[in-house]
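These are the residues of each chain, in order.
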Amino acid sequence: MSSPHLNNRAESHFQTQEAHELETLGKRAWDNPVYNGSPSSSLKIRAIYNPKSVLENPYENPEKLRDPLPYQEERKATEGGEKKGSVPGCCFHVFKGIRGLWGTTLTENTAENRELYVKTTLRELLVYIVFLVDICLLTYGMTSSNAYYYTKVMSDLFLQSSSDNKISFQSIGSMADFWAYTQGPLLESLYWTKWYNNESLGQNTQSYIYYENFLLGVPRLRQLKVQNNSCIVHEDFKDDIFGCYDVYSEEKEDRSPFGLLNGTAWQYHSEEDLDGSSHWGRLTSYSGGGYYEDLRMTRQESIAALQVLKENLWLDRGTRAAFIDFSVYNANINLFCVLRLVVEFPATGGAIPSWQIRTVKLLRYVSTWDFFIVACEIIFCVFIFYYVIEEILELHIHKLRYFTSIWNILDIVVILLSIVAIGFHIFRTMEVNRLMGQLLKNPSIYADFEFLAFWQTQYNNMNAVNLFFAWIKIFKYISFNKTMTQLSSTLARCAKDILGFAIMFFIVFFAYAQLGYLLFGTQVENFSTFVKCIFTQFRIILGDFDYNAIDNANRILGPIYFVTYVFFVFFVLLNMFLAIINDTYSEVKEELSNQKNELQLSDILKQGYNKTLMRLKLKKDRISDVQKALQKGTKELEFEDFKNSLRELGHAEHEITAAFAKFDKDGNQILDEEEQKRMRNDLEEKRVALNAEIENLGKSFRGNRLEETLAENNQGNKSSLGSEEEFHVLLRRVLQLEDSIGSLVAKIEAVGEKLESLERSQEELSHDDLIRQKWVPGEEDGEREVPRVAENANMNLLNASHAIYPALPKTGLPGSQMPKNFPLHSNMNF
């Protein structure tokens with residue numbers, strides 16, 4: 001057996017043991033237990049033989065505190081080999097890197113790896129927070145704090161302004177009041193052509209309301225009528241009542257010309273002809289067609305046009321609704337205000353005024369802030385593309401099981417709303433440009449921004465709902481925390497109980513709603529419809545009610561209704577509902593408190609903080625040790641003295657050599673005063689930088705509680721691993737073990753040489769025996785003894801060759817102090 005063969009066997013045995021220990025412990029075999037929280041009760045120091053010596057200066061870069069680990073070097077070698085591989089291998093890694101961008105808890109195997117699950121969730125949360133900030137900027141960028149004041153100014157002007165006869169829009173109660181308002185306060189509010197001192201504004205004939213708000217085009221009056229005899233008069237009254245006009249419906253709409261017959265005010269126009277839209281009024285919903293009259297550019301012309309309509313009974317018994325539409329624009333705040341004043345004339349007679357004022361931002365890109373919003377819109381589109389790919393990957397992996405999670409459905413809703421918002425944004429921009437182009441060509445026409453303002457309002461509402469869902473979606477990423485799961489766990493567990501209770505609750509609730517509608521519906525507005533009854537009863541639960549109205553409507557059944565409703569619904573049913581949730585919450589909280597503490601986000605953050613802090617402290621201690629070695633005050637410091645001082649403090653020899661060689665410029669193994677000064681200055685700079693980094697780390701993690709954190713860490717270290725001196729003692733022991741392993745290798749080589757010589761002698765002996773057996777004829781006993789002896793020698797040598805470390809005599813290992821027949825093993829645990 002040759003010495004290289006034995007060396008290969010020994011090296012293979014060490015590598016096998018090293019691989020076994022790495023496979024058993026993972027990468028944690030190389031981690032300091034101080035960094036990973038509390039260690040196990042029995043501390044085991046595992047030394048894995050690594051014959052490589054890395055001569056690098058550990059004091060030069062604070063980031064490089066430890067030697068390269070074996071598994072790290074193997075990984076680097078593997079990566080280096082892959083980089084030199086073929087082009088398909090590079091493409092595979094590029095694809096794998098791109099695929100990693102969409103790594104989520106649903107696309108990664110996180111079921112059995114809690115740490116990977118928390119880290120993946122944390123990465124998802126950070127990316128989603130950026131998306132949430134972007135969508136918040138977009139949503140709030142489309143609104144303005146001036147919108148409320150703009151709406152208030154317009155509503156005060158057109159709704160509350162009154163004429164000499166004290167008729168305002170809100171006080172309209174008849175057709176006569178309608179004409180008084182339109183010919184008085186309406187025209188006065190629409191046409192502003194002079195200053196308060198009667199001087200002309202000097203801006204052609206255009207109107208500037210409050211001197212700031214430009215009237216776009218001209219206002220439009222429109223009415224809807226129903227046909228005569230659209231209802232049936234009872235036979236007893238046919239002789240006295242001529243004509244019957246039913247409540248409004250599109251089927252009973254009057255479309256025939258009337259009055260003067262010629263002109264838009266006397267001829268019917270469909271909704272398609274007017275390019276209009278329907279309106280939801282107080283009584284019913286109205287179509288976008290009808291008879292209309294556009295006012296003029298000046299107030300005098302508009303007065304004349306209104307007078308003609310009034311004298312020819314433009315409004316009659318068949319009129320069910322009259323609309324006044326116009327739009328204004330304020331360039332100071334870049335906002336449009338689209339107003340619609342509606343007066344409904346019910347079949348009961350009288351008039352019911354209502355209004356609709358929409359303040360919207362239709363021209364988007366004007367100011368610097370608007371262009372910043374453009375950048376946010378581009379980022380928003382990128383995020384939507386990112387999340388679309390993410391959901392496609394998750395759907396491809398989980399198939400139909402993907403839709404079993406409410407969070408996945410919420411993801412789909414948010415993405416769909418965002419895509420619709422992007423599409424409408426493009427449509428709105430194109431439509432505004434078209435309308436503005438028409439208005440600029442002919443400023444005397446009616447500017448129909450009602451349709452666009454309506455959809456802009458719906459767009460804002462959709463963005464509001466989308467933003468709401470986006471905020472709720474945060475619970476998806478923080479659900480791994482036990483505290484955050486209490487809400488979802490409570491609701492999920494008590495869902496069946498709440499569903500059963502809800503059936504009982506709404507039976508009683510709707511019974512009271514029908515009772516209130518039938519008792520007070522004809523006299524109290526809040527009970528005038530069944531839907532209003534439902535909301536009124538919810539308001540009673542919250543303490544918002546008008547008891548006097550109920551009592552005046554029915555002095556006997558009113559108090560009975562109120563007292564019994566409050567007792568059964570408020571005191572009994574509502575408290576049962578709260579009791580179900582409270583009991584379930586107590587159960588969930590107790591179960592969570594009894595559960596084993598799993599790895600949490602705070603644990604990962606704390607581990608990272610402790611690792612960074614401990615590395616900086618270890619680096620600082622190393623620098624302090626070198627500074628102590630330089631404090632002897634001699635003019636010349638020899639390498640041996642420097643090395644002995646640091647070895648006593650537990651530093652490795654290659655670290656000491658690298659630190660000394662950096663400042664020993666002349667290479668004479670002696671540091672003179674100048675070289676020692678440079679070393680002191682360099683160490684002091686690094687020490688100051690480390691102190692600042694430790695201080696900043698404490699501020700960023702726990703602010704003013706850094707000292708408490710250090711105290712806790714020191715206390716935990718003392719309780720689990722002992723003091724710092726014990727740590728250095730253990731470190732020195734590990735270094736001594738490495739030296740011992742080196743000596744063992746040398747002794748094994750000696751054993752190999754010994755075995756090789758024995759093998760040669762055995763071969764010579766076997767050869768002689770074969771010759772003797774072949775050529776010498778034996779007698780009966782004596783001549784047969786030699787092969788037997790040789791056979792025994794062969795068996796002994798065979799056993800020795802198959803043993804890893806045979807039992808050797810004491811003299812077999814020079815310098816060895818091992819007792820006789822002591823077996824040597826490479827698998828040594830220290």
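The text that follows walks through the structure, step by step, so that each part is easy to find. (Residues numbered from 1 in each chain as written. Predicted model: local features only at pLDDT ≥ 70, side-chain atom pairs only at ≥ 80, totals over all residues. Heavy atoms only, no water.)

Describing the state of the cysteines
In step 1: Applying the stated criterion to the full structure yields one disulfide.
In step 2: Here Cys231 connects covalently by a disulfide to Cys244, the sulfurs 1.5 Å from one another. Across the disulfide from Cys231 to Cys244, rotation about the S-S bond amounts to roughly -110 degrees, and the bridge is consequently left-handed. Here the residue Cys231 occupies a position in the loop between strand 2 (213-225) and helix 7 (271-274), and Cys244 occupies one in the loop between strand 2 and helix 7, the gap between them amounting to 13 residues.
In step 3: With relative accessibility at 12%, the residue Cys244 sits in the buried group. (Disulfide = S-S within 2.5 Å. Helix = DSSP H or I, 4+ residues; strand = E, 2+ residues; numbered from the N terminus. Buried < 20%, exposed > 50% of the residue type's maximum accessible area, 1.4 Å probe, protein only.)

As for helix 17 (residues 557-594)
In step 1: Between the first and last C-alpha of helix 17 there are 54 Å, a value that for 38 residues agrees with the 56 Å anticipated at 1.5 Å per step.
In step 2: Elements that come into contact with the buried residues of helix 17 comprise helix 13 (485-493), helix 14 (495-520), helix 15 (530-541) and helix 16 (547-553). (Expected span 1.5 Å × (residues − 1). Contact = heavy atoms within 4.5 Å.)

Some points on the side chain of Thr182
In step 1: Within the fold, Thr182 resides in helix 6 (residues 175-190).
In step 2: Looking at Thr182, its side chain comes within polar contact range of the main-chain oxygen of Trp179, at 3.1 Å.
In step 3: For Thr182, the contacting residues outside a window of four places in its chain are Leu187, Leu306 and Ile324. (Polar contact = N/O pair within 3.5 Å; in protein donor to acceptor, adjacent residues only side chain to side chain.)

Brief notes about a negative patch on the surface
In step 1: Together, Glu250, Glu251, Glu272 and Asp273 line one region of the surface with negative charge.
In step 2: Position of Asp273 among the secondary structure elements: in helix 7. (Patch = residues over 30% accessible without salt bridge, like charges linked within 9 Å, V, L, I, M, F, W, Y side chains within 5 Å. Areas by Shrake-Rupley, 256 points an atom, 1.4 Å probe, with all protein chains shown as cover. Salt bridge = Lys/Arg side-chain N within 4 Å of Asp/Glu carboxyl O. Lys, Arg positive; Asp, Glu negative; His and termini not counted. Charge placed at Lys NZ, Arg CZ, Asp CG, Glu CD.)

Some details on the pattern of salt bridges
One side chain can pair with another of opposite charge once the charged atoms of both are near each other.
In step 1: One pass over the structure, following the stated rule, counts 14 salt bridges.
In step 2: Two residues, Asp246 and Lys252, come together in a salt bridge whose shortest N-O distance is 2.2 Å.
In step 3: Taking relative accessible area as the criterion, Lys252 reaches 27% and is therefore assigned partly exposed.
In step 4: Close ionic contact of Asp411 with Lys473 constitutes a salt bridge, the shortest N to O distance being 2.8 Å. In this pair, Asp411 sits in helix 10 (residues 406-441) while Lys473 sits in the loop between helix 11 (450-472) and helix 12 (474-477), placing the two residues 62 residues apart along the sequence. Lys473 matches Asp411 in its accessibility class, with the two residues each being buried.
In step 5: Through salt bridges with shared partners, a single network forms among Asp411, Lys473 and Lys476.

Considerations on the pairing of strand 7 (residues 335-344)
In step 1: In terms of burial, strand 7 is a largely internal element, 10 of the 10 residues being buried.
In step 2: Every second residue of strand 7 is oriented toward a common face, with Leu335, Cys337, Leu339, Leu341 and Val343 on one face and Phe336, Val338, Arg340, Val342 and Glu344 on the other, all of them buried.
In step 3: Inspection of the sheet shows strand 6 (residues 319-330) paired to strand 7 by 10 bridges, in the antiparallel sense. Each bridged residue has a counterpart across the sheet, and for Ile324 the counterpart in strand 7 is Leu341.
In step 4: Once strand 6 ends, the chain turns through four residues before running back antiparallel as strand 7, passing Asn334 with a positive phi of about 55 degrees.
In step 5: Inspection of the sheet shows strand 7 paired to strand 8 (residues 352-360) by nine bridges, in the antiparallel sense. Residue pairing for strand 8: Leu341 is matched across the bridge by Trp355. (Pairing = 2+ DSSP bridges.)

Brief notes about the nonpolar core
In step 1: In terms of nonpolar packing, the biggest core is built from 42 residues, with Phe158, Phe178, Trp314 and Leu341 touching the most fellow members.
In step 2: If sequence neighbours within four positions are ignored, Phe158 has contacts with Phe169, Tyr181, Leu186, Ser189, Leu190, Ile209, Phe326, Leu339 and Leu341.
In step 3: Counting residues in hydrophobic clusters, the runner-up holds 24 residues, among them Cys494, Phe501, Phe509 and Tyr565. (Core = buried A, V, L, I, M, F, W, Y, C linked by side-chain atoms within 4.5 Å.)

Digging into the packing of helix 13 against helix 17
In step 1: As a packed pair, helix 13 and helix 17 sit with axes 9 Å apart at the nearest point and diverge in direction by 125 degrees. The angle between helix 13 and helix 17 falls in the class oblique. Crossing geometry of helix 13 relative to helix 17 is assigned as right-handed. Counted together, Thr485, Gln486, Ser489, Thr490 and Arg493 of helix 13 and Ile581, Thr584, Tyr585, Glu587, Val588, Lys589, Glu591 and Leu592 of helix 17 form the full contact between these two elements.
In step 2: Considered class by class, the residues forming the contact of helix 13 with helix 17 number four nonpolar, five polar and four charged. (Axes fitted to C-alpha atoms, helices over the stretch in contact; angles between N-to-C directions. Parallel < 35°, antiparallel > 145°, perpendicular 65-115°, else oblique. Left-handed = near helix turned anticlockwise from the far one by under 90°. Nonpolar A, V, L, I, M, F, W, Y, C, P; charged D, E, K, R; others polar.)

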